[in-house]
Amino acid sequence: VTDGRTEPPQLDPANLCQPGYVCKERSDARTFSDQQCPGGYMCGPGTTPSMQYDMPCKAGYYCPSGSSPYSSKFNVCPRGYFCPNKTEDYPGNLGMKYKCDRGTTSKPGSSHVDHCKKTCSFCTTPCECEVIAKTVPMVGILNDDWTKTIDAASTIDLDCNFTFLNNYDNLTARMNWTEHFEIVIRADDTLKYGRDMDKQEFPIYFNRNMTSKKDAFRIRLLAEKRIEVSIHLEMYHGRFERYIGLFTDVCKIDVREPSRAIAGTQAQFVALLYKSEMYGRFTYPIKLPLNILENSDVIAMVDTGTKDANMTYLYNDSYVPHQQRYWKKAKTTEILTMTYLPYFSSCVGFDSHIPISYFTEHPDYCKLVDSPTIVGPFDWFQEPVADTCVHKTQCRIEEKLEGDSKHFRWFDVPEDTILFHIGAVPVEPGVYRQEYSHFTSILETDDLIPVRVVENTNNFGKKFAVPTEVVIEIGYYQITETEKQVVFGEISLLNFTAVPGLPKYDAGKVNDSILNNVEYGYYKLTVKWTPLTWIDLINNFTYEAPVFLVLFFLVVFVAVSYAIVLYFTVRKLSTMIKKPNFRFGFFAMTLLEGPVTGLTMVLVPAMAGLGVCYTIAAGFNPYSNLQGDFLEGGVLSSDEVKQTSFGRFGLMQLCVGLVMINYTAILMVPWMKPLMSQQTDMWNPSTWKRAFVFFFNTLLGVSLVWLLEFAYSEFFGSNAIAIVVLLTFVEEFAMHVIETVIGEALLMVPGKMAVFTALMIATMGADTFEDFATSFLLEIVIGMTMKVFLDPQLAKLSLTFPI
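Calculation rules
- Residues numbered from 1 in each chain as written.
- Predicted model: local features only at pLDDT ≥ 70, side-chain atom pairs only at ≥ 80, totals over all residues.
- Heavy atoms only, no water.
- Helix = DSSP H or I, 4+ residues; strand = E, 2+ residues; numbered from the N terminus.
- Buried < 20%, exposed > 50% of the residue type's maximum accessible area, 1.4 Å probe, protein only.
- Expected span 1.5 Å × (residues − 1).
- Contact = heavy atoms within 4.5 Å.
- Polar contact = N/O pair within 3.5 Å; in protein donor to acceptor, adjacent residues only side chain to side chain.
- Salt bridge = Lys/Arg side-chain N within 4 Å of Asp/Glu carboxyl O.
- Axes fitted to C-alpha atoms, helices over the stretch in contact; angles between N-to-C directions.
- Parallel < 35°, antiparallel > 145°, perpendicular 65-115°, else oblique.
- Nonpolar A, V, L, I, M, F, W, Y, C, P; charged D, E, K, R; others polar.
- Disulfide = S-S within 2.5 Å.
- Core = buried A, V, L, I, M, F, W, Y, C linked by side-chain atoms within 4.5 Å.
- Phe/Tyr/Trp six-rings, centres within 6.5 Å; stacked < 30°, edge-to-face > 60°.
- Lys NZ or Arg CZ within 6 Å of the ring centre and 35° of its normal.
- Pairing = 2+ DSSP bridges.
- Patch = residues over 30% accessible without salt bridge, like charges linked within 9 Å, V, L, I, M, F, W, Y side chains within 5 Å.
- Areas by Shrake-Rupley, 256 points an atom, 1.4 Å probe, with all protein chains shown as cover.
- Lys, Arg positive; Asp, Glu negative; His and termini not counted.
- Charge placed at Lys NZ, Arg CZ, Asp CG, Glu CD.
- pLDDT = per-residue confidence, 0-100.

### Digging into unusual backbone geometry
For residues besides glycine, phi is generally negative; the peptide bonds are generally trans as well. Even without being a glycine, Thr 178 presents a positive backbone phi close to 70°. Counting through the fold element by element, Thr 178 comes out in the loop between β5 (155-161) and β6 (181-188). Given a relative accessible area of 10%, Thr 178 falls into the buried group. Of note, the phi angle at Phe 541 is positive, near 50°, even though the residue is not glycine. Structurally, Phe 541 can be placed in the loop between α7 (534-539) and α8 (545-573).

Right, here's the structure in full:
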């Protein structure tokens with residue numbers, strides 16, 4: 001009976017087997033529920049025994065017996081478990097089969113054991129990871145705890161080798177840094193018993209590349225305060241807990257505290273930056289510390305790096321700090337101190353910071369001398385025997401290879417630019433962090449040594465050229481057997497190469513792939529720490545002032561000795577039968593009494609007037625609200641006020657100088673009424689002579705001012721001896737010619753004295769004391785020799801060829 005149906009009952013959708021069940025043949029409404037869909041599978045409507053395994057449970061879900069495609073949507077794998085496909089029941093009912101290992105958890109819907117992450121991975125606020133096992137990874141440390149107290153500028157190096165993870169078994173090859181294990185450095189500066197130590201963060205770029213830690217690498221901690229340090233290897237994933245024993249004796253530890261700057265102490269040399277020297281001229285160094293404020297919470301910095309030339313994961317996220325928090329106010333500028341070299345980073349074995357103590361006393365890079373030889377001020381030409389260090393490494397420029405048209409990068413700066421300063425005298429750790437007034441007190445003194453760029457071989461233009469070699473040389477004075485003092489610092493930027501694919505000056509063809517091509521950013525860095533010889537110490541004016549006074553008297557003694565020898569040589573060679581006696585007293589009174597009296601009468605009131613003007617200008621500063629010139633509007637800045645003040649004070653000096661020259665002309669050329677035959681409306685001998693004295697000495701003064709400015713140029717300093725000798729010959733010849741032309745020897749005296757004084761002052765522009773002494777002696781010797789032998793010959797020549 002069909003009861004009005006239009007198709008057989010077994011084909012009616014209303015009579016299909018219910019979802020979640022399996023219906024055999026001849027099933028009816030009473031028997032269809034006898035067989036549920038098997039666990040781990042889903043059964044849709046009309047499922048037969050042959051179809052019950054056709055729909056496995058989806059990964060990330062669980063399917064207990066009787067599951068259908070619809071009901072399984074609500075069976076999401078819970079947190080802390082993972083559910084692969086065909087998960088047959090609620091994972092909590094299956095014991096440890098699908099439970100995340102100890103120390104890990106998972107998000108809801110996880111489908112694989114690898115989705116189980118360390119518990120702290122899911123924290124919405126900073127939290128500590130659950131540590132399931134830990135060990136001390138350092139060689140020779142047998143206990144499970146390692147702590148040590150170190151002072152500021154001290155370092156801890158961990159040289160680790162995790163290559164064994166790649167080959168031990170398939171499971172260790174899947175272990176990842178930070179996810180499954182990591183070396184944890186904790187530190188605290190309170191040094192109080194029972195306190196919690198803060199975990200020191202590794203650089204972001206180091207933790208980002210997790211799998212690369214199955215290799216050899218270095219971890220370095222650079223302390224910024226006196227701290228207690230604890231180092232462990234912590235395991236976060238219970239799946240790998242059984243391998244914790246493999247991590248013993250995998251790292252070599254090297255703890256170093258500065259000890260040779262001042263033997264027996266932890267004093268250190270400190271680098272310093274002036275913000276005023278950098279601002280507006282060249283870019284700040286990247287990787288400046290976050291810890292320069294006295295109340296900073298940062299107590300240490302952690303660096304990472306390779307021990308070989310493979311720098312794959314040394315790339316650092318660069319930043320340029322402009323924030324005020326990086327700088328400390330000091331007098332009229334702002335300063336920043338650090339115990340490492342600024343600018344130089346991403347170096348093999350060093351990463352972002354090269355501690356100064358490493359290239360001054362590390363035994364791997366230095367030849368250390370326990371009993372150094374002291375070079376005293378009168379140990380003539382002695383060579384020192386003291387610590388000598390030469391460290392070479394490979395670094396990479398982290399600044400963009402695209403130049404800035406407004407600012408120099410550190411490798412763009414021209415020669416004679418100061419990149420940074422280094423303290424001449426080492427300071428104790430407590431002074432470095434707590435007594436900032438020390439650095440304020442040594443600003444603009446000889447206790448702060450500028451480190452200058454002395455050579456820059458860039459011939460490509462500053463935009464697209466980088467050096468391939470950088471040499472830093474720092475010379476020091478071994479004051480005593482236990483104490484050192486920095487004397488000079490130099491940087492050479494060598495062997496520049498243009499970035500391939502870029503024209504020398506065409507910035508329109510720049511593209512990011514070329515500008516950031518690290519293949520062309522590598523350079524070899526050499527840092528030299530050298531004890532100075534006696535002549536080097538003299539040339540750098542290292543000794544106290546009395547030493548140089550003695551040396552100067554020795555130079556003068558040599559000059560006087562030459563004069564005496566020359567005098568007796570001339571008397572010996574003279575053909576005169578009766579040689580006149582040398583009347584020294586009369587000669588001295590003639591040369592000294594009149595000029596000294598005249599100069600005193602002129603200079604005392606003139607200098608007193610200038611002193612009053614300078615005092616008013618410096619103390620009351622009447623130019624603070626004045627414009628620089630009539631074309632300039634607005635109130636001047638402090639630097640502009642200083643410049644205009646110096647300019648106006650210089651104008652005062654010029655006016656005083658002109659007045660002095662005018663009175664000199666009047667004093668030297670008294671007014672004489674001309675003879676009747678000489679009287680004209682256009683010419684008078686006294687007027688002409690006075691005019692000559694005034695204009696000649698004015699032009700000569702301008703020339704000598706230029707000479708004095710030139711004397712402090714780099715070219716003069718490097719060629720002082722040759723220039724002084726040349727100027728001495730020119731001066732003698734020019735003065736003789738002018739004297740012959742005007743026929744008045746007396747009128748040439750002020751000019752000769754001015755030239756002689758200017759040459760003496762210019763000689764001081766020599767770069768070294770050695771050059772100064774040599775130039776001074778040559779100037780005296782040549783001058784006296786020309787006066788005795790050349791002047792008579794020039795006089796004869798003038799008679800033969802009248803001018």
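Picking up after the structure, the text goes on.
### Comments concerning helix α14 (residues 749-763)
With 15 residues, α14 should reach 21 Å at 1.5 Å per residue; the first-to-last C-alpha distance of 21 Å fits that figure. When we look at burial in α14, the residues that qualify are Gly 751, Val 755, Ala 758, Leu 759, Met 760, Ala 762 and Thr 763.

### What to know about the environment of Pro 78
Counting through the fold element by element, Pro 78 comes out in the segment before β1 (104-105). What makes Pro 78 buried here is its relative accessible area of 16%. In this structure, the C-alpha to C-alpha distance between Pro 78 and Ser 106, residues 28 residues apart in sequence, is 8.3 Å. Every residue in contact with Pro 78, bar those within four places of it in the chain, is listed here: Tyr 62, Tyr 90, Pro 91, Ser 106, Lys 107 and Pro 108.

### Considerations on the side chain of Gln 478
By secondary structure assignment, the location of Gln 478 is in strand β19 (residues 465-478). Side-chain polar atoms of Gln 478 contact the backbone oxygen of Thr 480, separated by 2.7 Å. Those residues within four positions of Gln 478 in sequence are excluded, and the remaining contacts are Pro 372, Ile 374, Ala 386, Glu 483 and Lys 484.

### Examining the pattern of salt bridges
Within this structure, the stated rule accounts for 17 salt bridges. Across the pair Lys 199 and Glu 182 runs a salt bridge whose closest N-O atoms are separated by 2.8 Å. Of this pair, Lys 199 sits in strand β7 (residues 198-199) while Glu 182 is found in strand β6, placing the two residues 17 residues apart along the sequence. You can call Lys 199 partly exposed: its relative accessible area is 29%.

### Quick word on the packing of helix α11 (residues 685-711) against helix α13 (residues 720-742)
Viewed as axis vectors pointing N to C, α11 and α13 meet at an angle of 175°, and their least axial separation amounts to 14 Å. By the angle class used here, α11 and α13 are roughly antiparallel. Counted together, Trp 688, Phe 692, Phe 696, Leu 700, Leu 707 and Phe 710 of α11 and Ile 723, Leu 727, Met 735, Ile 738 and Ile 742 of α13 form the full contact between these two elements. Broken down by class, the residue content of the contact of α11 with α13 amounts to 11 nonpolar, no polar and no charged.

### Notes on the state of the cysteines
Per the counting criterion, the structure on display carries 9 disulfides. At a sulfur-sulfur separation of 2.1 Å, the disulfide partner of Cys 77 is Cys 83. In this structure the cystine formed by Cys 77 and Cys 83 twists about its S-S bond by roughly 75°; its chirality is therefore right-handed. Paired through a disulfide, Cys 366 and Cys 389 show a sulfur-sulfur distance of 1.9 Å. Between Cys 366 and Cys 389, the disulfide has an S-S torsion of 110° and is therefore right-handed. You can see Cys 366 sitting in strand β15 (residues 366-367) and its partner Cys 389 sitting in strand β16 (residues 388-396), a full 23 residues away along the chain. Accessibility expressed as a relative area gives 12% for Cys 366, which makes it buried.

### Re the nonpolar core
Ranked by internal contacts, the top residues of the largest apolar core, which has 48 residues, are Phe 344, Trp 410, Phe 420, Val 470, Ile 472, Ile 491 and Leu 525. Of the residues forming this core, the biggest block, 6 residues, is contributed by β19. Apart from the residues lying within four places of it in its own chain, the contact partners of Leu 525 are Phe 344, Cys 347, Ile 354, His 391, Lys 392, Thr 393, Cys 395, Val 470 and Ile 472. Ala 559, Phe 696, Ala 758 and Leu 759 belong to the second-largest nonpolar core, a separate cluster that totals 42 residues.

### Concerning the packing of aromatic side chains
Any two aromatic rings considered together are summarised by their centre-to-centre distance and by the angle between their planes. Under the counting rule described, the total for this entry stands at 36 aromatic pairs. With 5.8 Å between their ring centres and 85° between their planes, Trp 177 and Phe 217 make a pair best called edge-to-face. Here Trp 177, found in the loop between β5 and β6, pairs with Phe 217, found in strand β8 (residues 216-223); they are 40 residues apart in sequence, far enough to count as distant. Of the residues examined, Trp 177 reaches a relative accessible area of 0% and is grouped as buried. An angle of 85° between the planes, with centres 6.0 Å apart, marks the rings of Phe 541 and Phe 769 as edge-to-face. Of this pair, Phe 541 sits in the loop between α7 and α8 while Phe 769 is found in helix α15 (residues 769-800), placing the two residues 228 residues apart along the sequence. A residue is classified by how much of its surface remains accessible, and Phe 769, at 9% relative accessible area, is buried. Linked through ring pairs, Phe 162, Phe 164, Trp 177, Phe 181, Phe 202, Phe 217 and Phe 247 together constitute an aromatic cluster. Arg 220 extends its terminal NZ or CZ atom over the ring of Tyr 358, reaching a point 4.5 Å from the ring centre.

### Some points on the sheet that holds β5
In space, the 4 strands of this open sheet follow the order β10-β5-β8-β12, with antiparallel pairing throughout. Strands with a single pairing partner mark the edges of an open sheet, and in this sheet they are β10 (251-256) and β12 (300-305). Pairs of neighbouring strands in the sheet enclose a mean axial angle of 15°, with direction left out of account. Alignment of β5 against β10, held across 6 bridges, turns out to be antiparallel. Bridge pairing in β10 links Asp 159 to Lys 252.

### Let's talk about a negative patch on the surface
A cluster of acidic residues, Glu 415, Glu 455, Glu 714 and Asp 767, forms a negative patch at the surface. Relative accessible area serves as the criterion here: at 34%, Glu 455 is assigned to the partly exposed category.

### Section: the confidence of the model for the chain
When pLDDT is averaged across the chain, the result is 78; 79% of the residues are at 70 or more. Counting contacts from residues 1-5, a segment whose pLDDT is below 50, to residues more than four positions away or on other chains yields 0 contacts. Here residues 308-324 is a poorly scored stretch, pLDDT under 50, and it has 56 contacts once near neighbours within four places are set aside; other chains count.

### Things to note about the pairing of β19
By the criterion of burial, β19 is predominantly enclosed, with 12 of the 14 residues buried. Of the strand pairs in this sheet, β19 and strand β21 (residues 522-531) are connected by 8 bridges, and their pairing is parallel. Bridge pairing in β21 places Val 470 opposite Leu 525.

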